[in-house]
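# Working through the structure, step by step
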Amino acid sequence: MQMKRKTIIIICLMGLLIPATIAQQKPLVYILATGGTIAGVGASETSSGYNAGVVSVDKIITSVPEMLKLAEIKGEQVVNVPSQDITVNDWLIIAGRVNELLARQDVTAVVITHGTDTMEETAYFLNLVIKSDKPVILVGSMRPSTALSADGPMNVYDAVAVAVDSSSVGKGVMIVMDDKICSADDALKMMTTSLETFHCPNYGYLGYVYDSKPIYTRNPVKKHTIHSEFSIEDMVALPRVDIVYGYAGVDSLFVTTAVDNGVKGIVYAGVGNGNPNTQNLNALARAVKKGIPVVRAARTPIGPITQYDELNDDKYGFSASWFKSPEKARILLMFALTKTKDYKEMQRMFLEY
Ligand code: ASP
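A brief report on the enclosed structure follows. (Residues numbered from 1 in each chain as written. Predicted model: local features only at pLDDT ≥ 70, side-chain atom pairs only at ≥ 80, totals over all residues. Heavy atoms only, no water.)

## Focus: empty space enclosed by the protein
Evaluated as defined, the whole model comprises 1 cavity of 30 Å³ or more. Of the volumes computed, that of the largest cavity is approximately 40 Å³. Mapped by element, the contributors of at least two residues to the lining of the largest cavity are β7 (173-177) and β8 (180-183). Grouping the amino acids of the lining of the largest cavity by side-chain chemistry returns 6 nonpolar, 1 polar and 3 charged. (1 Å grid on protein atoms, 1.4 Å probe; cavity = no way out; pocket = protein on both sides within 12 Å on 5 of 7 lines; lining within 4 Å. Points joined across faces, edges and corners; volume = space filled by probe spheres on them. Helix = DSSP H or I, 4+ residues; strand = E, 2+ residues; numbered from the N terminus. Nonpolar A, V, L, I, M, F, W, Y, C, P; charged D, E, K, R; others polar.)

## Let's talk about the nonpolar core
Taken as a class, soluble globular proteins show a tendency for nonpolar side chains to be buried jointly. With 56 residues, the main nonpolar core has Val98, Ile112, Phe125, Leu126, Leu128, Ile175 and Phe335 as its most contacted residues. Excluding anything up to four places from it in sequence, isoleucine 112 contacts Leu32, Thr34, Ile94, Val98, Leu126, Val136, Ile137, Leu138 and Val139. (Core = buried A, V, L, I, M, F, W, Y, C linked by side-chain atoms within 4.5 Å. Buried < 20%, exposed > 50% of the residue type's maximum accessible area, 1.4 Å probe, protein only. Contact = heavy atoms within 4.5 Å.)

## Things to note about the site of the ligand
Near the ligand you find Gly36, Thr37, Tyr50, Pro82, Ser83, Gln84, Gly115, Thr116, Asp117 and Ser141, and these make up its full shell. A distance of 2.9 Å is found between a nitrogen atom of the ligand and a side-chain nitrogen or oxygen belonging to glutamine 84. A distance of 3.1 Å separates an oxygen atom of the ligand from a polar atom in the backbone of serine 141. Its free accessible area being 270 Å², the ligand has 93% of it covered by the protein chains. Its atoms largely coinciding with the cavity grid, the ligand occupies the largest pocket. (Near = heavy atom within 4 Å. Polar contact = N/O pair within 3.5 Å; in protein donor to acceptor, adjacent residues only side chain to side chain. Areas by Shrake-Rupley, 256 points an atom, 1.4 Å probe, with all protein chains shown as cover. Sits in = over half its atoms within 2 Å of the grid points.)

## Considering the pairing of β8
Because side chains alternate across β8, one face comprises the buried residues Lys180 and Cys182, and the other comprises Ile181 and Ser183, equally buried. As judged from the 4 bridges shared by β7 and β8, these two strands associate in the antiparallel manner. By the bridge assignment, valine 176 is partnered in β8 with isoleucine 181. The loop that links β7 with its antiparallel partner β8 comprises 2 residues; one of these, aspartate 178, has a positive phi angle of about 55 degrees. For β8 and strand β11 (residues 207-210), the ladder comprises 2 bridges, and the chain directions are antiparallel. Directly across from lysine 180, in β11, lies its bridge partner tyrosine 208. (Pairing = 2+ DSSP bridges.)

## Observations regarding the packing of helix α4 (residues 119-129) against helix α9 (residues 326-337)
The description of two helices packed together rests on the angle between their axes and the distance between the axes. Put simply, α4 and α9 touch, their axes get as near as 9 Å, and they point 30 degrees apart. Compared by their axis directions, α4 and α9 come out roughly parallel. Note on packing geometry: the crossing formed by α4 with α9 is right-handed. Of the residues in α9, those in contact with Glu120, Glu121, Tyr124, Phe125, Leu128 and Val129 of α4 are Glu327, Lys328, Arg330, Ile331, Leu332 and Phe335. Taken together, the residues that form the contact of α4 with α9 break down as 7 nonpolar, no polar and 5 charged. (Axes fitted to C-alpha atoms, helices over the stretch in contact; angles between N-to-C directions. Parallel < 35°, antiparallel > 145°, perpendicular 65-115°, else oblique. Left-handed = near helix turned anticlockwise from the far one by under 90°.)

## Comments concerning the sheet that holds strand β15 (residues 294-298)
The strands that make up a sheet are held in pairs by hydrogen bonds between backbone atoms, and each pair lies either parallel or antiparallel. Spatially, β13-β14-β15-β16 is the arrangement adopted by the 4 strands of the open sheet, whose pairing is parallel. The sheet terminates laterally at β13 (241-245) and β16 (319-320), the two strands that pair on one side only. Direction of pairing for β13 relative to strand β14 (residues 265-270): parallel, over a ladder of 5 bridges. When the sheet's bridge partners are listed, valine 244 is paired in β14 with tyrosine 268. Sheet strands touched by α9: β13, β14 and β15. Its angle to β14, the strand with the most contacts, is close to 160 degrees.

## Remarks on the packing of aromatic side chains
Applying the stated rule across the entire model yields 7 aromatic pairs. Each ring, one from tyrosine 205 and one from tyrosine 208, has its centre 5.7 Å from the other, and the planes form 65 degrees; the classification is edge-to-face. Put simply, the rings of Trp91, Phe125, Phe230, Phe335 and Tyr353 pair up and form one aromatic cluster. Its guanidinium or amino end placed over the ring of tyrosine 216, lysine 171 lies 4.4 Å from that ring's centre, counting from NZ or CZ. (Phe/Tyr/Trp six-rings, centres within 6.5 Å; stacked < 30°, edge-to-face > 60°. Lys NZ or Arg CZ within 6 Å of the ring centre and 35° of its normal.)

## Digging into the environment of valine 295
Examined against the element boundaries, valine 295 turns out to sit in strand β15. Of the residues examined, valine 295 reaches a relative accessible area of 0% and is grouped as buried. In this structure, the C-alpha to C-alpha distance between valine 295 and isoleucine 266, residues 29 residues apart in sequence, is 6.3 Å. Residues within four places of valine 295 in sequence aside, it is in contact with Ile266, Val267, Tyr268, Ser319, Ala320, Ser321, Ala329, Leu333 and Phe350.

## Thoughts on the pattern of salt bridges
Per the stated rule, a full pass over the model turns up 13 salt bridges. Glutamate 100 is the partner of arginine 97 in a salt bridge, and the nearest nitrogen-oxygen pair spans 2.5 Å. In this pair, arginine 97 and glutamate 100 are both assigned in helix α3 (residues 88-102), 3 residues apart and thus about one turn of the helix distant. In this structure glutamate 100 comes out as partly exposed when scored by relative accessible area, which is 48%. (Salt bridge = Lys/Arg side-chain N within 4 Å of Asp/Glu carboxyl O.)

Right, dumping it as C-alpha cells:
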C-alpha cells in the first residue's frame, strides 16, 4: 500500500514536470553562414573599406545574444566567400544541406547569412529546390560587423524572429533585410550602398518585421519549394546557361561566342521589353535552330517581358521571362533544361515559377 502511494506521487510529479519541460523547449533554428559583408571586418568604425567573409558563424551568433530568447541556435559554416564568388556548386551544397536539415523533425527553420550581391539568386535557386514548407530565410548586411551602426545584428535577429513565427510556414524562401520581407521570386538588390537595398519591384514586399514579428501583407504568387517540379537529388552540376546583355550598337559577338563554346541555353537581357537588335535577333534565331533554347529577359528592371509585342516569340522559338530578371531567368532555364528543350513547355515554366 505504502509502495503504491509512492508510485502514484511519482507519476503525478512526472505529469507536472514533463509538460513544463515541453513548454520550455525552444524552436531549433540552424544558421548556415556563407560569408559576405555580414561577416566582414573593416579597418575602423567609419571606414567603408572591408574584407568580406572573415567573421565566423559562432561569432555572428554570440554577437546577437538576444536571439537565444527566441530559439535554440546552431551554426554551421557552409561556404565562406563574398557572394560575388558564389558558384552553382555552392548553391548545390547549400540546398543539399538545407534539405537535410529541414527533413529533421527537430529543426524548425534555417537562416542563411549571405552577401547581398547575389543573395536574390541563391534565394531563387533554393526556392525552386527546397523540399519543405518550413521557413528558409536569407539575411545579410550592407555594413561590415565593425561599422558604427552595423546593420547585421538587427537583420539576423529579425531573420530568426521571422523564421520561428508560424505565419512564415509555406511562404517559400524569403529575404529579410532592413525590416522588410521579400519573396525569393521578386527580390532585387537595387541600391549599391544603401541599407534599404532589397526591393520587390513587381509584386511588392511580402511583409514587414515589426516588434520582432513578421506582419505579412500578401502571399507569394509563384510556385515554390514543395510545389516545385525541380529537384537537386543526385545532381552534381547544371547545364551551362549564359546571359548576354543588350545595349545600343551591340554586335552578335557574345551570342556567337557562347554558341561556339557549347553553351546549353542563352538568356538575352534585351533593351526595353526584352528586345534584341537585328544582329542579335538573327544570332539568337540561329542558336535555337542549333538546339540551344533562348529566353528573352530585359535589362529594364521592372515590368513583364511580354510575348507577342514587338516580337513574335513563336516565330523564333523563344520563351519570354515575364517577371524574371536575367539572373533568375538563367537559374530557371538551367532547371528547365533538366526537363525539356521545348520552348512552349519552358514558357509554361516561366509563367508558373
Ligand atoms: N560584396 C558583398 C557580398 O555580396 C556585399 C554584401 O554582402 O553586402 O558578399
